[in-house]
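Secondary and tertiary structure notes
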Amino acid sequence: MPSLNRIRWLWDILNRSQLFVYTRFWGMDIHPSAFVSLKAKLDRTHPAGVHIGAETMITLGVTILAHDMSRTLRTHTRIGSRCFIGANAIIMPGVSVGDGSIVAAGAVVTKDVPPGSIVAGNPDGLSAIEATRNPAQTGYCFFVATGEDGRHIFVQTYTEQQQSLQTYGYNP
């Protein structure tokens, strides 16, 4: 079976064409090294309010809003450099995602995200979490556990997490 890499050039042309339309026709501020999925939905009601930094990856189904028609609000939504926005995430108007941050798949981001953070969850059911990629450095970490009533996220200090693991027989 032939590899799809043989037509990679076509995919690159489509992606570059899409970025050209977003930046030149719609007036969005998207760095040329950013990757935006062909299935991502960027705000066309207030396109000048969408800002995406260098080497950022926007995956399929992501929605980035820069307006709120119910409040007649037009604002700027900024995504920093080297960020990853997971599939079907929603970035609400006026939010800034800091450099090097990760937004998990399906997350609804309603508040600013500090640089180097990981954000997951939905404010309606599951609180958004933030943690840096190096828990030993900052003293905080997070893990996901599934209980009878659904998914929960626990945020603890690094030493509390190490003690919990040892309590249940895990030696980190």
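All values derive from a computational prediction rather than experimental measurement. (Residues numbered from 1 in each chain as written. Predicted model: local features only at pLDDT ≥ 70, side-chain atom pairs only at ≥ 80, totals over all residues. Heavy atoms only, no water.)

Let's talk about the environment of Thr-63
Put simply, the rule is: Note on conventions: DSSP H or I runs of at least 4 residues are helices, E runs of at least 2 residues are strands, and numbering of each starts at the N terminus. Relative accessibility thresholds used throughout: buried, under 20% of the residue-type maximum; exposed, over 50%; partly exposed, between the two (1.4 Å probe, protein chains only). The contact definition used throughout considers only heavy atoms, calling two residues in contact when any of these lie within 4.5 Å.
Among the structural elements, Thr-63 can be located in strand β6 (residues 63-64). On the basis of relative accessible area, Thr-63 is assigned to the buried category, the value being 19%. The spacing of Thr-63 and Lys-39 is 24 residues in sequence and 9.5 Å in space, taken between C-alpha atoms. Not counting the four nearest positions on each side in its chain, Thr-63 is found in contact with Lys-41, Ala-89, Ile-90 and Ile-91.

Comments concerning the side chain of Ser-37
Its place among the elements puts Ser-37 in the loop between β2 (35-36) and β3 (41-42). Judged by relative accessible area, which is 10%, Ser-37 ranks as buried. Discounting chain neighbours no more than four positions away, the residues touching Ser-37 are Gln-18, Ile-58, Thr-59 and Leu-60.

A short note on helix α1 (residues 8-25)
Spacing of three or four residues puts side chains on the same side of an α-helix, whose turn is 3.6 residues. Quick note on the threshold: The span you would expect from a helix comes to 1.5 Å times its residue count less one.
In this model, α1 (18 residues) spans 25 Å end to end at C-alpha, consistent with the 26 Å of a helix rising 1.5 Å per residue. At its buried positions, α1 is contacted by β1 (29-30), β2 and β3. Positive phi shows up at Gly-27, right after α1, with a value of about 85 degrees.

Examining a nonpolar patch on the surface
Stated precisely, the cut-off is as follows: Patch definition: residues above 30% relative accessible area lacking any salt bridge, with like charges linked at up to 9 Å and the nonpolar side chains Val, Leu, Ile, Met, Phe, Trp and Tyr linked at up to 5 Å. For every accessible area listed, the method is Shrake-Rupley and the probe measures 1.4 Å; residues are considered covered only by the protein chains on display. Only one rule defines a salt bridge in this text: a Lys or Arg side-chain nitrogen within 4 Å of an Asp or Glu carboxyl oxygen.
Taken together, the side chains of Leu-4, Ile-7, Trp-9, Leu-10, Trp-11, Ile-13, Leu-14 and Leu-38 present a nonpolar region at the surface, about 810 Å² in accessible area. Inspection of the secondary structure assignment puts Trp-11 in helix α1.

Looking at the sheet that holds strand β12 (residues 96-97)
Selection rule: Criterion used throughout: strands pair if DSSP finds at least two bridges between them.
Pairing within the open sheet is parallel, and its four strands lie in the order β1-β4-β9-β12. Single-partner strands in this sheet number two, and they are β1 and β12. Judged from the two bridges that link them, β1 and strand β4 (residues 50-52) form a sheet pairing that is parallel. From the neighbouring strand, Ile-30 faces β4, where its bridge partner is Ile-52.

A few points about the confidence of the model for the chain
Caution applies to low-pLDDT regions: their predicted coordinates should not be interpreted in detail. Quick reminder of the rule: pLDDT expresses, on a scale from 0 to 100, how confident the predictor is about each individual residue.
Overall, the prediction assigns the chain a mean pLDDT of 79, with 70% of residues at 70 or greater. Here residues 124-140 is modelled with pLDDT under 50, and outside its nearest four sequence neighbours on either side it reaches 40 contacts, counting other chains as well.

Some words on the nonpolar core
Short version of the rule: Only buried residues count toward a nonpolar core. Its members are Ala, Val, Leu, Ile, Met, Phe, Trp, Tyr and Cys residues joined through side-chain atoms within 4.5 Å.
With 26 residues, the main nonpolar core has Ile-30, Val-36, Ile-52, Ile-58 and Ile-64 as its most contacted residues. Of all the secondary-structure elements, those providing two or more residues to this core are α1 and β4. For Ile-58, the residues in contact, after removing those within four places along its chain, are Phe-35, Val-36, Ser-37, Ala-40, Ile-52, Ile-64, Ile-79 and Ile-85.

Concerning the sheet that holds strand β14 (residues 108-109)
Spatially, the four strands line up as an open sheet ordered β3-β6-β11-β14, and their pairing is parallel. Of all strands in the sheet, those with a lone pairing partner are β3 and β14, marking the two edges. Direction of pairing for β6 relative to strand β11 (residues 90-91): parallel, over a ladder of two bridges. The residue of β11 that forms the bridge with Thr-63 is Ile-90.

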